[in-house]
2 protein chains.
Amino acid sequence: MRRGRPTLREVAAAAGVDVSTASRLLRGQDMPYRAETRQRVLDAAEKLGYRPNQQARALRLQRQQAIGLLVPDLDNFGFTQILRGVQEVAAEQEYTLMLVEAGAGAGEGGGISYERLGLEGRVDGILVAFASMDDPNVQEWAERERLPMVLVQRGTPSYPASVVMDEQRNVAVMVQHLVELGHRRIGHVSGPLRTDTGLRRQEGFAAAMREHGLAVRPEWIADGGFHWTGGQQAAREILDVPAEERPTALVVANLISALGTLSAVHDLGLTVPGDLSVIAIDEHIVAEHTNPPLTTVQTPQRELGRRAAQMLLSSLSGDKPSRVMITDPPPTLVVRASTAPPPPDGSADNG
Amino acid sequence: MRRGRPTLREVAAAAGVDVSTASRLLRGQDMPYRAETRQRVLDAAEKLGYRPNQQARALRLQRQQAIGLLVPDLDNFGFTQILRGVQEVAAEQEYTLMLVEAGAGAGEGGGISYERLGLEGRVDGILVAFASMDDPNVQEWAERERLPMVLVQRGTPSYPASVVMDEQRNVAVMVQHLVELGHRRIGHVSGPLRTDTGLRRQEGFAAAMREHGLAVRPEWIADGGFHWTGGQQAAREILDVPAEERPTALVVANLISALGTLSAVHDLGLTVPGDLSVIAIDEHIVAEHTNPPLTTVQTPQRELGRRAAQMLLSSLSGDKPSRVMITDPPPTLVVRASTAPPPPDGSADNG
DNA sequence: CTGAAAGCGCTAACAT
DNA sequence: ATGTTAGCGCTTTCAG
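Residues numbered from 1 in each chain as written. Chains lettered and ligands numbered in written order. Predicted model: local features only at pLDDT ≥ 70, side-chain atom pairs only at ≥ 80, totals over all residues. Heavy atoms only, no water.

- As named in an unreviewed UniProt entry, chain A is LacI family DNA-binding transcriptional regulator, taken from Allokutzneria oryzae.

This is the structure we're talking about:
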């Protein structure tokens, strides 16, 4: 078998110095080396192609200089901006970012087996995106592993470290847009109510409706589960009734379930936005290409990622984490063709 | 500061045995322990919440039990099935999979700085997906790091370890479908010709056209760069000519550039499939929701991921890697609304 | 059946 | 200005 990577000891030997000298020098520590010594060490390292062994260093330093980011499902493209934010901060602070798709570790029981992810001892801390509120496993696991953890895009009353957005405001922007178009009969394809985000978006929906003096009709609300099929089923439930009992617009709690919603709407023979307006949260290039192109709300996802990473990293150096809500930049509407004034006969509010 | 994780030494002490005994026993090695010893060790480990330190183990074993998967851009959702395949195999063999978005390490020079990814020494080997042929850095880097590497979905004449698909056949399926619909004037929004996949898809296109006795018109071929804007521009180049000089169908070399293509087509006031049929490679739920829904070719991506991971893992135990082409399962057509017979006046072949 | 001891590659006091 | 030494937590001969 071929020789592995050269070790520090070998470099030192080649340069005729002690390992400690080589170690200091190669890390740029201290100042006063004899110019010749420095040269010899540098040359030797260069010549042998020396690269420090992270593992040995980590073992010695008791620090991996790496953090993990756990996401549930990479097919859900709504999260990439969060990832960007996390990446930026990690790079700035010279941490390695390890992305892990949590679904990958799902055991037979349906629950996620966090142990199977093999992150134990490979990272100094972990960012958990979109963990549902009722997944006690994450928290337990992080505790057992003594792994500092920050929840991203999900808060949990019982956990002290999280970064979320002002979902109330996000949803308010959507409702406002619809109201301005003349809608009064508005329904909601929500996220799972057991998730913090799903819950807060739904509460935000109710609040925004009340603010505009509109009725929240339970039969116009259904759980789209934040995924494609869920969005489809929810829309079907809400819309498969006589025309006069239907809402004229649907606020959808995330982008991928909005795709399912559109699908159901078309299956029912309805047109968007002629019969029904649809607006969704989370902006992505895909929204430009749906049929019709989707009006969306762009949220501060990148900032969310940044703040979460910053919090995790600073908590590694002893700072106390906290519950943070991102409010800047504010959510902005990206108006496309899926929203329009309600059909003439549908503008009456019978709620 | 709070006590870290308990060490093996502490467990051993608590159980009143030597670390070596605890080590063996906890790993399930050997057989003959005194029942009482076993119980004491197990109890102690349980009580203290012992988890082995991966780093120390890795240092000792000279093996990380982890592999990396480098992808260029997570916004490109075409790769998730490959990821699934890789994940399966990694899990089966109890390897941890670290996903890294390579774009993240891009330096100012535009090139990717692989060192900055910080994978060095954290993984035993690496899978590189979609690396372009002219990126000498990857190969150099892997060599310098003595990191076994397998190229996924990209071959390179000079590199001995890769897994690719039969792009010739993938493209043939698309051309065949169009020909069966009656098209004879077919254009191609290709991938970058400096990438192996882009090149092979284009060659496949030319070959398939020849096979059907159709002319390959250079002005009907443009590089869509495998991304959104590229697909848009390429389509514009090809289509922004008098109607009688346009193709009646476009074969697009990947899904995301097909979105850009659709966008350009609409901007030009053309309808799909009325004026122009569009077919793309790579299947994804998003294709069901474009306007109109896209006819695609589903390729054996998962299998590709599996084979690549298997090759990497087996090369870690000394097997010689090779260049593999996946041919099974065969590519299958997913027919949707974006393909139809050519317009009556367009079926004439003036090529 | 279990313990002692060496050492993976590195860093950080503590010497000179 | 550089060398000596100990040790991070684990596995593995080699001895009993």
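## Re the packing of aromatic side chains
Alright, step 1. With the rule as written, the count across this model stands at 2 aromatic pairs over all chains.
Alright, step 2. Between Y114 of chain B and W141 of chain B the ring centres are 5.3 Å apart and the planes differ by 25°, which places this aromatic pair in the stacked class. Of this pair, Y114 of chain B sits in the loop between β2 (96–101) and β3 (125–129) while W141 of chain B is found in helix α6 (residues 136–144), placing the two residues 27 residues apart along the sequence.
Alright, step 3. Residue classification places W141 of chain B among the buried residues on the basis of a relative accessible area of 0%.
Alright, step 4. The ring centre of W220 of chain A lies 4.0 Å from the NZ or CZ of R217 of chain A, which sits over that ring. (Phe/Tyr/Trp six-rings, centres within 6.5 Å; stacked < 30°, edge-to-face > 60°. Helix = DSSP H or I, 4+ residues; strand = E, 2+ residues; numbered from the N terminus. Buried < 20%, exposed > 50% of the residue type's maximum accessible area, 1.4 Å probe, protein only. Lys NZ or Arg CZ within 6 Å of the ring centre and 35° of its normal.)

## Details of the protein's contact with DNA strand C
Alright, step 1. If you check the shell around DNA strand C, you find 28 residues, and the closest are L8, Y50, R57 and R60 of chain A together with T37 of chain B.
Alright, step 2. Take the atoms of DNA strand C that sit within 4 Å of the protein: sugar and phosphate atoms are 74% of them.
Alright, step 3. Contact distances for DNA strand C include 2.7 Å between a phosphate oxygen and a side-chain N or O atom of R57 of chain A.
Alright, step 4. Side-chain polar atom of R60 of chain B to a base nitrogen of DNA strand C: 3.3 Å apart, as the coordinates give it.
Alright, step 5. Going through the elements one at a time, α1 (8–15), α2 (19–26) and α4 (54–61) of chain A together with α2 (19–26) and α4 (54–61) of chain B are the ones with two or more residues in the surface near DNA strand C.
Alright, step 6. For the surface near DNA strand C, the leading source of residues is α4 of chain A, giving 4 residues. (Near = heavy atom within 4 Å. Polar contact = N/O pair within 3.5 Å; in protein donor to acceptor, adjacent residues only side chain to side chain.)

## Topic: the interface of chain B and chain A
Alright, step 1. Contact residues are listed per partner, giving 50 residues for chain B and 51 residues for chain A.
Alright, step 2. Sorting the residues of chain B by area buried against chain A places Q55, R122 and H289 of chain B first, and these three jointly supply 16% of that buried surface.
Alright, step 3. Here chain B and chain A share 6 salt bridges between them.
Alright, step 4. The tally of links from chain B across to chain A stands at 21 residue pairs in polar contact (both at pLDDT 80 or more).
Alright, step 5. Elements supplying a minimum of two residues to the side of chain B that touches chain A: α4, α5 (80–92), β2 and α10 (255–267) of chain B.
Alright, step 6. Of the residues forming the side of chain B that touches chain A, the biggest block, 6 residues, is contributed by β2 of chain B.
Alright, step 7. Class assignment of the residues belonging to the side of chain B that touches chain A gives a composition of 19 nonpolar, 18 polar and 13 charged. (Contact = heavy atoms within 4.5 Å. Buried area = accessible area lost by both parts, 1.4 Å probe. Salt bridge = Lys/Arg side-chain N within 4 Å of Asp/Glu carboxyl O. Nonpolar A, V, L, I, M, F, W, Y, C, P; charged D, E, K, R; others polar.)

## Focus: α2 of chain A
Residues that lie three or four places apart on an α-helix share one face, since the helix turns once every 3.6 residues.
All names here are of chain A.
Alright, step 1. All buried positions along α2 are accounted for by T21, A22 and L25. End-on, the buried residues of α2 take up no more than an arc of 95°, which puts them together on one face.
Alright, step 2. Check the buried side of α2 and you find it contacts α1 and α3 (35–48). (Arc of directions from axis to C-beta.)

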